[in-house]
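Summary of the model geometry
The primary structure of each chain is shown beneath.
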Amino acid sequence: LVGRYHIRMGLSPQWTETGALLWHLPSTSFQSLPDEILWNGLHLTRKREFHLTVVGRDDMHRLGIGGPGHPSLLALADGWFAMDTCVLLLDEVWLLQKPDDAGGLETTLAVACLAPAITQVRAQLAATTGCPLPPAPPHVTLYSANSPRGIGVPDMAALNVRRVASGCSRDFGLGDLL
């Protein structure tokens, strides 16, 4: 089922209040998904907003980019639509968990994807700032439980720590919806 769901993106990434660079997907992208799913006793609720994190706030801070007017970001804006801005969802779903502040667990269900523009942006920012930026595993968080902001996955090391289960969409009760 690789590449079964293809989104041609017409939007450019946006700077957030928290200092991250997010690429919002059209709100209609996942309308066919059920509002809630139950998987192995976990009750997960579909998110209402979907995005890919291009560069998270911690990486932005490390790169020394403190705001949307930074020259490195302005240069990206000029070349964004010349990049391959397609997003190809893969039939690879991850259950992610991390401890929350109250001693419980935040849980999200995310789908892996190919997003060439994210790879290009991260490489360009690393080159222009002179600060290495590891590859990030592109994904879209679809569902969450006890996780109001989602679970950051800035690199493969974080994915390997936070991923507690993985499989195809059918393994998580999503059928052929992805």
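Look up a bit, the structure's there.
Below you will find a few notes about this structure. (Residues numbered from 1 in each chain as written. Predicted model: local features only at pLDDT ≥ 70, side-chain atom pairs only at ≥ 80, totals over all residues. Heavy atoms only, no water.)

Some points on the pattern of salt bridges
How we decide: The salt bridge criterion pairs a side-chain nitrogen of Lys or Arg with a carboxyl oxygen of Asp or Glu, the two atoms within 4 Å. Put simply, DSSP H or I for four residues or longer makes a helix, DSSP E for two residues or longer makes a strand, and each gets a number counted from the N terminus. Whether a residue is buried, partly exposed or exposed follows from its accessible area with a 1.4 Å probe, protein chains only, as a fraction of its type maximum: under 20%, in between, or over 50%, in that order.
Following the criterion strictly, the structure yields 5 salt bridges and no others. In this structure, Asp35 and Arg46 form a salt bridge, with 3.0 Å as the shortest nitrogen-oxygen distance. On the criterion of sequence distance, the pair formed by Asp35 in the loop between strand S3 (21–24) and strand S4 (36–39) and Arg46 in strand S5 (residues 42–46) is long-range, its members being 11 residues apart. Exposure remark for Asp35: the relative accessible area of 42% places this residue in the partly exposed category. Where Arg62 meets Asp59, a salt bridge forms, and the shortest distance between an N and an O atom there is 3.1 Å. In this pair, Arg62 and Asp59 both sit in helix H1 (residues 57–63), 3 residues apart, roughly one turn of the helix. By relative accessible area, Arg62 is classed as partly exposed at 40%. One network of salt bridges, with partners in common, ties together Asp35, Arg46 and Arg48.

Considerations on the pairing of strand S9 (residues 139–145)
One face of the sheet, then the other: side chains in a regular strand alternate in exactly this way. Going by this rule: DSSP-based pairing: two strands are paired if at least 2 bridges between them are found.
The buried fraction of S9 is high, at 7 of 7 residues. Two strands pair when backbone bridges link them, and S5 and S9 are joined in this way by 2 bridges, in the antiparallel orientation. Residue pairing for S9: Arg46 is matched across the bridge by Tyr143. Pairing of strand S8 (residues 105–114) with S9 involves 6 bridges; the strand directions are antiparallel. Within the sheet, the bridge partner assigned to Thr107 lies in S9 and is Ala145.

Observations concerning the sheet that holds strand S6 (residues 51–55)
Here is the rule: Any two residues whose heavy atoms approach within 4.5 Å at even a single point are treated as in contact. Here an angle of 0 to 180 degrees is reported between the N-to-C directions of two axes, which are lines fitted to C-alpha atoms, with helices fitted over the stretch in contact.
With antiparallel pairing, 3 strands are arranged side by side in an open sheet as S2-S3-S6. Bordering the open sheet on either side are strand S2 (14–15) and S6, each of which pairs with just one other strand. Both S3 and S6 contribute to a ladder of 4 bridges, which runs antiparallel. Bridged to Leu22 within S6 is Thr53. Along the sheet, helix H3 (residues 116–129) makes contact with S3 and S6, crossing S6 at roughly 20 degrees.

As for H3
Note the following rule: By this rule, a helix spans an expected 1.5 Å times one less than how many residues it contains. Taken from the helix axis, the directions to the C-beta atoms give the arc we talk about.
With 14 residues, H3 should cover 20 Å at 1.5 Å per step; its first-to-last C-alpha distance of 20 Å lies within 8% of that length. For H3, the full list of buried residues reads Ala117, Ile118, Val121, Arg122, Leu125 and Ala126. Down the axis of H3, the buried side of the element spans an arc of 165 degrees, and every buried residue falls inside it. Of the exposed residues in H3, those oriented more than 90 degrees away from the buried face are Thr119 and Ala127. One or two positions beyond H3, positive phi appears at Gly130, with a value near 75 degrees.

What about the nonpolar core?
This is how the line gets drawn: Buried Ala, Val, Leu, Ile, Met, Phe, Trp, Tyr and Cys residues form a nonpolar core when they are joined through side-chain atoms within 4.5 Å.
By size, the foremost hydrophobic cluster in this structure holds 41 residues, and its most contacted members are Trp23, Leu52, Leu109, Val140 and Leu142. Of all the elements, H3 adds the most residues to this core, at 5 residues.

Structural notes on the environment of Pro132
With respect to the secondary-structure elements, Pro132 resides in the loop between H3 and S9. For Pro132, a relative accessible area of 62% corresponds to the exposed category. For the pair formed by Pro132 and Leu63, sequence separation is 69 residues and the distance between their alpha carbons is 8.2 Å. Each residue touching Pro132, except ones within four places of it in the same chain, is listed here: Arg62 and Ala126.

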